[in-house]
Amino acid sequence: MQQTWRWFGPKDLVSIDDVVQAGATGIVSALHHVPTGAVWTPEEIAQRQAEVGQLSDGSPSGIGWDVVESLPVSEDIKKQQGDWRAHIDAYRTSLRHLADAGIEVICYNFMPVLDWTRTDLAWRLRSGATCMRFDLIDFAVFDLHVLQRPGAAEDYDDALKDAAARRLAELSDAEKAALAKNVVFGLPGSAESFTLDDVRAHLAQYAAMTEDTLRGHLVDFLSEVIPTCEELGLRMCCHPDDPPFPLLGLPRVMSTEAHYTKLMQAVDRPANGITLCSGSLGARPDNDLPGMMERLGDRVHFLHLRNVTRESDGIRGSFYEAEHLGGDTDMVALVEAALREEARRRAAGRADWSIPFRPDHGQDILDDLGRRAQPGYPSIGRLKGLAELRGIIAALEPRIARETA
């Protein structure tokens, strides 16, 4: 398993020097400053590769840009409105430029409006560490009383609406503004951000869209770009919804194993694959992560290994970002399933037998608390997670090698 690390570019407060010292062997990055729908030029891609390849003293870093996360899919493509056809053409052009640069794995998502949602970006744990958290009551406060979305009351039962009203009474104006800012924080590292009016406008455009329609638009998009990927030797992999349940009245099409199975069958080509994110999918109690790796593993092109602790047994509920080995997902079983998939690929002679993974998210601990890096992406918290995952791999690999020899 290739050990990679997400890096947001030169403005990232976690440097390439830090990544090399952490022991990662590859970088996951994106051109966050390029507007969604625009072409990623060869010059911009080469610039990012040069930044990845150099330490602060000018010497070679010894690592490269191995995975794109993300080459974003525009809202126009998701809605099939406006400039969506031109955006697909631009997407294909960007894929060609990435292939020319030697980058083969492209992660993306198909979540409408917001690419991920949390209500708290620095929730304090008893240990003194901080982490990201999704509080369902706080989200209901945002939806019902801050955003004031039409029809929102229909999405919550009376008990939750009452709890949201009580929580609202406890919040100051500054706290309500902070909640709104957290919810619309959007894509990590992106140059784009939303105001509440932006969110309302986007939601209005999705008002009549069903899950089947959105899935159809995803299938249409992949039917256009996957042949290009096959021609170029690229592998695309869709990230799950985060959280993996409906929010703001929007449809969700990548929240469960059934969703992924439908997509893999609809565009049944090896280049059409999965980013298996154990944290996003693990927020639902009915998602069996080790089982998904076993059943869908031949199409898993990228792994996000992180953990969450669920605070209820419901499909939709509160959760927080746990330590990598401390949440509700059996991380040892998941890593074992991934290593067994690698062994199967190696035996079959697949060139892509090594699955890149990254220690996704992490709690802010020690010096992270003062550095205030990108929410969810501290240096020491992720280093701790990578070390724990590396230990699991080192313990399991010899046994799996013997059993599959």
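Q: Help me get a handle on the overall build of the protein, residues and values and all.
A: Each helix and strand counted, the protein has 15 helices and twelve strands in total. Taken against the 2.2 N^0.38 rule, which gives 22 Å for 405 residues, the C-alpha radius of gyration of the protein at 21 Å falls within 12% of a compact globule. Seen along its three principal axes, the alpha-carbon backbone of the protein occupies a region of about 60 × 50 × 45 Å. Expressed as a percentage of its 405 residues, the buried residues of the protein come to 56%. Sequence-distant contacts in the protein: of pairs separated by 6 or more residues, those separated by 24 or more amount to 72%. Total accessible area computed for the protein in this model is approximately 16,300 Å², and 49% of it derives from carbon and sulfur atoms. Here the protein contributes 43 positively and 62 negatively charged side chains, and the mean placements of these two sets differ by 2 Å.

Q: Hey, could you go over the sheet that holds strand E10 (residues 307–310) for me, with residue numbers and the actual values?
A: One open sheet accounts for four strands, arranged E5-E6-E11-E10; its pairing is antiparallel. Of all the strands in the sheet, the pair left with one neighbour each is strand E5 (120–124) and E10. Strand-to-strand twist across the sheet, computed as the mean angle between neighbouring axes with direction ignored, equals 40 degrees. With four bridges joining them, E10 and strand E11 (residues 319–322) adopt antiparallel strand pairing.

Q: Account for unusual backbone geometry, with residues named and values stated.
A: Going from Glu69 to Ser70, the amide bond is cis rather than trans, its omega being 0 degrees. With respect to the secondary-structure elements, Ser70 resides in the loop between strand E3 (65–69) and helix H3 (75–79). Here the bond from Asp242 into Pro243 is cis, since omega is 0 degrees, no more than 30 degrees from zero. With respect to the element layout, Pro243 can be found in the loop between strand E7 (235–239) and helix H10 (257–266). Here Gln148, not a glycine, exhibits a phi torsion of approximately 55 degrees, which is positive. Examined against the element boundaries, Gln148 turns out to sit in the loop between helix H5 (136–146) and helix H6 (158–170). The class of Gln148 is exposed, set by a relative accessible area of 55%. Phi is positive for His361, close to 55 degrees, though the residue is something other than glycine.

Q: Describe the sheet that holds E3, naming the residues involved and giving the relevant values.
A: Adjacent strands of a sheet pair through backbone hydrogen bonds, lying either parallel or antiparallel. One closed barrel accounts for eight strands, arranged E1-E2-E3-E4-E7-E8-E9-E12; its pairing is parallel. Averaged over all pairs of adjacent strands, the angle between strand axes in this sheet comes to 30 degrees, irrespective of strand direction. Bridge analysis of strand E1 (residues 2–6) against strand E2 (residues 26–29) gives three bridges, and the strand direction is parallel. Bridged to Trp5 within E2 is Ile27. Running over the sheet, helix H2 (residues 42–52) touches E2 and E3 and is turned about 125 degrees from E3. Against the sheet, helix H9 (residues 211–232) contacts strand E4 (105–109), E7 and strand E8 (272–277), and its axis sits at roughly 155 degrees relative to E7.

Q: How would you sum up the packing of H5 against helix H7 (residues 173–183)? Please name residues and give values.
A: Two elements in contact, H5 and H7, have axes whose closest approach is 10 Å; the angle formed by their N-to-C orientations is 100 degrees. Between H5 and H7, the angle falls in the class roughly perpendicular. When H5 is examined against H7, the residues Asp138, Phe139, Val141, Phe142 and Val146 are found in contact with a partner set consisting of Leu179, Ala180 and Val183. Its residues assigned to classes, the contact of H5 with H7 shows seven nonpolar, no polar and one charged.

Q: How would you summarise the pattern of salt bridges if you had to cite specific residues and measurements?
A: This model, assessed by the stated rule, comprises 42 salt bridges. In this structure, the salt-bridge partner of Arg96 is Glu231, at a minimum N-O distance of 3.0 Å. Here the residue Arg96 occupies a position in helix H4 (residues 84–100), and Glu231 occupies one in helix H9, the gap between them amounting to 135 residues. Linked by salt bridges that have partners in common, Arg6, Glu69, Arg118, Asp242, Arg306, Glu321, Arg358 and Asp360 make up one network.

Q: Would you mind going over the nonpolar core in detail, with residue names and values included?
A: Counting 106 residues, the largest nonpolar core has Phe221 and Met236 as the members making the most contacts within it. At eight residues, H9 tops the list of elements feeding residues into this core. Within the second largest apolar cluster, six residues are counted, among which are Val105, Cys107, Cys237 and Phe302.

Q: How would you sum up H10? Please name residues and give values.
A: Of all the positions in H10, only Glu257, His259, Tyr260, Leu263 and Met264 are classed as buried. Summarising the axial view, the buried residues of H10 lie within an arc of 160 degrees, below the 170-degree limit, and thus occupy one face. In this structure, the buried side of H10 is in contact with E4, H9, E7, E8, helix H11 (278–282) and helix H12 (289–296).

Q: Residue-level account of the side chain of Thr309, with values.
A: Note that Thr309 resides in strand E10. The contacts of Thr309, once residues within four sequence positions are left out, are Ser318, Phe319, Tyr320, Ala322, Gly326, Gly327 and Asp328.

Q: Break down helix H15 (residues 379–404) for me, citing the residues and quoting the values.
A: Relative to the 38 Å expected for 26 residues at 1.5 Å per residue, H15 spans 36 Å between its end C-alpha atoms, a close match to the ideal helical length. Approximately 30 degrees is the largest bend angle found in H15, and it occurs at Leu396, with the proline Pro398 only one to four residues beyond. All of the buried residues in H15 are Ser379, Gly381, Arg382, Gly385, Leu386, Leu389, Ile392, Ile393, Leu396 and Ile400. Each element contacted by the buried residues of H15 is listed here: E1, helix H1 (16–22), strand E9 (300–305), helix H13 (331–348), strand E12 (356–359) and helix H14 (368–371).

Each value, and the rule that gives it
- Residues numbered from 1 in each chain as written.
- Predicted model: local features only at pLDDT ≥ 70, side-chain atom pairs only at ≥ 80, totals over all residues.
- Heavy atoms only, no water.
- Helix = DSSP H or I, 4+ residues; strand = E, 2+ residues; numbered from the N terminus.
- Rg over C-alpha atoms; globule rule 2.2 N^0.38 Å.
- Buried < 20%, exposed > 50% of the residue type's maximum accessible area, 1.4 Å probe, protein only.
- Contact = heavy atoms within 4.5 Å.
- Areas by Shrake-Rupley, 256 points an atom, 1.4 Å probe, with all protein chains shown as cover.
- Lys, Arg positive; Asp, Glu negative; His and termini not counted.
- Charge placed at Lys NZ, Arg CZ, Asp CG, Glu CD.
- Pairing = 2+ DSSP bridges.
- Axes fitted to C-alpha atoms, helices over the stretch in contact; angles between N-to-C directions.
- Parallel < 35°, antiparallel > 145°, perpendicular 65-115°, else oblique.
- Nonpolar A, V, L, I, M, F, W, Y, C, P; charged D, E, K, R; others polar.
- Salt bridge = Lys/Arg side-chain N within 4 Å of Asp/Glu carboxyl O.
- Core = buried A, V, L, I, M, F, W, Y, C linked by side-chain atoms within 4.5 Å.
- Arc of directions from axis to C-beta.
- Expected span 1.5 Å × (residues − 1).
- Bend = angle between axes of the 7 residues up to and from the residue.

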